[in-house]
Structures are given as structure tokens and as C-alpha cells.
Amino acid sequence: MKFEDLLLEIGGFGRFQILILFTLCLPRVNLPMHFLLHNFLAATPSHHCAIPHQEAFVNLTTEEILLISIPREPDGTFRSCEMFSQPQFHLLLNSSLQPDNDSVTQDCQHGWVYDHSQFTSTISTQWDLVCEQRGLNQATATFFFIGVTMGAVVFGYLSDRFGRKAMLLLSLVCSVVFGMLSAGSVSYSMLAITRTLTGVALSGVSLIVLPLAMEWVDIEHRTFAGVLTSTFWSVGNMLLALTAYLVREWHWLLVAVTGPCLLSIVCLWWVPESARWLIANGKVKQAHKHLLRCARMNGRKDFTVSVEALRRMRTEKKPGEGYSYISLFRTPVLRKISLCSGAVWFGVAFSYYGMSMNLTGFGLNMYLSQFVFGIIEIPAKVVMYVLVNRIGRRQSQAWTLILTGLCIGANIVIPKPFTSLRSVIAILGKGCSEAAFTTVFLYTSELYPTVLRQNGMGYNSFVARIGGALAPLIFLLDDVWRSLPEVTYCGVAVCCGSVAFLLPETLNVRLPEGIEDIE
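- Named according to an unreviewed UniProt entry, the chain is Solute carrier family 22 member 7 originating from Alectura lathami.
- What UniProt records for the chain under Sequence similarities (unreviewed entry) is the sentence "Belongs to the major facilitator (TC 2.A.1) superfamily. Organic cation transporter (TC 2.A.1.19) family."

### A short note on the nonpolar core
Soluble, globular proteins show a tendency: their nonpolar side chains are buried together.
Part 1 of the argument: In terms of nonpolar packing, the biggest core is built from 128 residues, with Leu24, Phe35, Tyr353 and Phe437 touching the most fellow members.
Part 2 of the argument: Counting residues per element, this core draws most heavily on helix 8 (residues 188-214), at 13 residues.
Part 3 of the argument: For this core, the two domains that each supply at least three residues are domain 1 (1-37 + 132-314) and domain 3 (327-518).
Part 4 of the argument: Residues in contact with Leu24, not counting those within four places in the same chain, are Leu168, Val209, Leu212, Ala213, Leu268 and Val271.
Part 5 of the argument: In this structure, Leu66, Tyr114, Val130 and Cys131 belong to the second largest nonpolar core, which totals 10 residues.

### Observations regarding the environment of Gly111
Part 1 of the argument: Structurally, the position occupied by Gly111 is in the loop between strand 3 (105-107) and strand 4 (112-114).
Part 2 of the argument: Sequence-distant contacts of Gly111, that is, excluding residues within four places in its chain, are made with His48, Cys49 and Ala50.

### As for unusual backbone geometry
Part 1 of the argument: Its identity is not glycine, yet Cys131 carries a phi of approximately 55 degrees, on the positive side.
Part 2 of the argument: Phi at Asn508 takes a positive value of approximately 60 degrees, unusual for a residue other than glycine.
Part 3 of the argument: Position of Asn508 among the secondary structure elements: in the loop between helix 21 (484-499) and helix 22 (515-518).

### What to know about the packing of aromatic side chains
Part 1 of the argument: For the coordinates displayed, the defined rule picks out 29 aromatic pairs.
Part 2 of the argument: For the ring pair Phe35 and Phe145, a centre distance of 5.9 Å and an interplane angle of 80 degrees mean the geometry is edge-to-face. Separated by 110 residues along the polypeptide, Phe35 in helix 2 (residues 15-35) and Phe145 in helix 6 (residues 134-162) bring together distant segments of the chain.
Part 3 of the argument: You can call Phe35 buried: its relative accessible area is 1%.
Part 4 of the argument: Both rings, one in Phe35 and one in Trp233, keep their centres 5.7 Å apart while their planes meet at 75 degrees; by these two values the pair is edge-to-face. Separated by 198 residues along the polypeptide, Phe35 in helix 2 and Trp233 in helix 9 (residues 222-246) bring together distant segments of the chain. Neither residue differs from the other here; Phe35 and Trp233 are each classed as buried.
Part 5 of the argument: A connected cluster of aromatic rings, assembled from ring pairs, spans Phe35, Phe144, Phe145, Trp233, Trp345, Tyr352, Tyr353, Phe437 and Phe441.
Part 6 of the argument: It is Arg28 that lies over the ring of Phe441; its NZ or CZ is 5.3 Å from the centre.
Part 7 of the argument: Positioned above the aromatic ring of Tyr245, the side-chain terminus of Arg248 is 4.8 Å from the ring centre.

Each value, and the rule that gives it
- Residues numbered from 1 in each chain as written.
- Predicted model: local features only at pLDDT ≥ 70, side-chain atom pairs only at ≥ 80, totals over all residues.
- Heavy atoms only, no water.
- UniProt positions renumbered as here; feature names shortened; annotations may be inferred.
- Core = buried A, V, L, I, M, F, W, Y, C linked by side-chain atoms within 4.5 Å.
- Buried < 20%, exposed > 50% of the residue type's maximum accessible area, 1.4 Å probe, protein only.
- Helix = DSSP H or I, 4+ residues; strand = E, 2+ residues; numbered from the N terminus.
- Domains from an automatic or database assignment.
- Contact = heavy atoms within 4.5 Å.
- Phe/Tyr/Trp six-rings, centres within 6.5 Å; stacked < 30°, edge-to-face > 60°.
- Lys NZ or Arg CZ within 6 Å of the ring centre and 35° of its normal.

Written out as C-alpha cells, the structure is:
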């Protein structure tokens, strides 16, 4: 007897599974509130060099002081990173005049003055992460995703070794601790370290929630389970926009997005360990208890199964065989799956975060952009629910990622004045990007056997987070060529989407239990 047959006997999608799904959706809401927090945590308001007081300025207005102290851009706005070495008083007579030939501009010498109309404070204004320090500001997101990358390796292994539930609880507790520590950061170094550790902890949540839900659901409802848990990511996206709109001070914003983890910790005590994992690791008595509980809650009171029957279902390891990340590359079919899925995950994450962290690039208010980007993901998921069951996982994965790249590419050639058209294309691309992300979680969890599922998810998440860590740094390439970041996102998305065609189809296929089922 296979575990899928056992699930049908106890109710493959009854009250028990529905409660598990909705409980596991709670921590999913928290993920985008941290993963996309950089948009607001490190937002850089308009700014200019601070001008020291001089006796000659006594009778001048603020606008006049700026006029004689700060050079202008061609569009008439004041430059953010330069000031005149000497006040240009002649500009008071005619602001269209050029500065004296012997005058020179210099970098800001006395700090910066920021526009606080939109943000009370951000890490940019707190530690002057602008101009020459702009790279450190972008690096904050990279540090977080480096943490997520490390966490993918750690929690991928640990959840296969010690169980899904225990590691999920551990990751949530650590998320609360490090999230609150980052809110109390007193230096940039402390923030960088604590955000990195927060990324490590949250990686466990990202990695474990979907496989734990999928391992309790029958074949027929796997797609629904994957799309439902993914939908709560979009809810978190919209809640982030609302939270950031209401909380404009970065310390309290970190507290606001970390607090809900406490609710998830409380609710998760009810969720049982994966019976698949328990059986695969020889803990059949615990699996037996959870299966009987599931049958009772689903109204299958006549269900009986012996501990010995469960023990016979266990996939036996060969003498001396252990499962690790190396196992993903030992056999030919698994090796091909791992290499191709890694490339797809990189492309999905790289393009998704490239679009998500460019909220001001499409002509909308950044809070509205965040909310719209979140709400457009929900119909994208509904469409994917139909597509992955009609045309299959492989075609859906490939074309959603390719279309994401094409939308990014289209906005390179559409002129800036066409704001409405650029916004529509960007929203369409964001929808395709989220559809690709929804599919890749579902697809990957079906590609790997139970004994290696979390190792496989951990490896792919590791590769994806490398993409996530690189995505914000790519924006710095606009110093080389203004459109180079978008060209990079477009090219990577199209190439990685094409790799998905090399993966096997998993539509209506049983979840593999051991490596021999794959090979």
C-alpha cells in the first residue's frame, strides 16, 4: 500500500486537511512583509546637502539659500550629492545665469537635509546611506537574502533530519527574536547582522510550510493546496503596503511586521508532524496516532490500520546509505532535475525581486504600487490554478517566466512619458512573475521524493535566494547604462524560463517516496 492510498481511506481532503492548510497560511502572510520590507525600510526620500549657517544668509529665504548653494539638474531640481564650494550670490539676480568660472562643485561636506513629508525616518536618513553610501543602502536587502540563502541550506537539511513541525516552530521563534533585535539596532552594522539572521530564520518558514501542507493532501487537491498557501503571500503583500502607510518610522515598522509571528507560533502547536516524514523515518507509532486523529476528524471512524502495515510502507535505506544534498546529484534523473530546477528558481526569484523592488519605476505612488502588485497576484494565482491542471506544470512554469521577461523588456522600449501603458505592462509582468513563483513551489515539491523533498526544496531555495540577493544590487548598474538593470532581468527570466521545458511533467502523478521512484 502506498501512502496516497492511505490518504484516500482517511479522507484526502477533509476537515483535518483544511484546518492544517489555513493554519499554515498564517506564517505565509508574514513572509512578504519581511522579504519586501526593503522598499520602505530603506526608502530614500528627496534630499540635498546640508548648508552651514553664514552671516550673509540672514536676510535670505530658504529657497534663495538653496539657489546660491546647490547646483541644479537640467530639469531644474537641486542636486542631491553636490554643493557649491562658495555661495553663488550672483544667481539671486538671475537664476538662469551660470556659476562663476572659478567656482567648483564639491561633495556634501556637512551631511544632508531630507524631505520628511513621506517618511518620518528610514535607515537611509538615519545613517546617511545616500550618494557615495548608496551601495550600503541596497546591500541591506542583499544581507537579508544572504541570510535566507544560508537558512535554505540549514533548514532544508534539518527539516528532513528532525521533522517539519519542530523546525518550523524553531524558525518562527528565531524570526521573532532577530526581528525585534533588528528593530532596536543602534548602528548600521547591528542592523546588517540582525537582518541577515532574520533572513536565516524566515527561510525555514518559507521552505517548510508548503511541503508540510502538501504531505497531508491527496493528489486531487495538491494544486489547490499550493495555490491557497501562495495566495496568502499576496495578502501579506497588501498588508505590507497598509502597514508601511500607517507606520512611517523604521524602528516601529520592523516591530509591526515581526509581531504577527507570535500568533503563528501559538496556532502551530495544533498542527501535526507530517505522517509521510514520520513513516519514512521509522517513527510509525507517531504516524499511526496522527492518522487515526485525521480519520476521526474527517468522519472516517471505521478506519483502521496497524502499526506493522505502516512499517511495511517505509522506504528502506540501503546499508550505509544516508540522504543529504549530495544525494540530489548522485543519480542521473535526479541530477538533471536538480540542475534544471535550480536554474528555474534562480530566474523566478531574480526577476520577481527585481520587479518588486522597483516600486517607483512605473509612475505610481509606492504604497499604491505595493498594494496593486499584491492584489494583481491573486487573479494570477486563480489563472494558474486552472492552467497547471489543464496544460500541466512544465508548460505553465516555462511560459509564465518567459512572459515575465518579455514584459520587463517591453518597458525598456516604451518611452517614459507613456506612464499608463508602462504601469499596465509592469502590473501584467508582476502577475506573470507571481504566477511563476506560485508554480515553482508546487512543481518542485512534486519533483522530489519524500526522503529528499526538503533537501531538494532547500537546495532550490538556496539558488533562488542567490537570485534574490543579487536582484537589488543590479539596480546599481544604471550608472553604467540606464537600461542595463532591466535588460539583465529580462534576459535572465527568458533564459531560465526556457530551461523549464527540460523538466518532467508531474500533473496527476503520485508523489515519489524514494529515489527509486524517480529513477
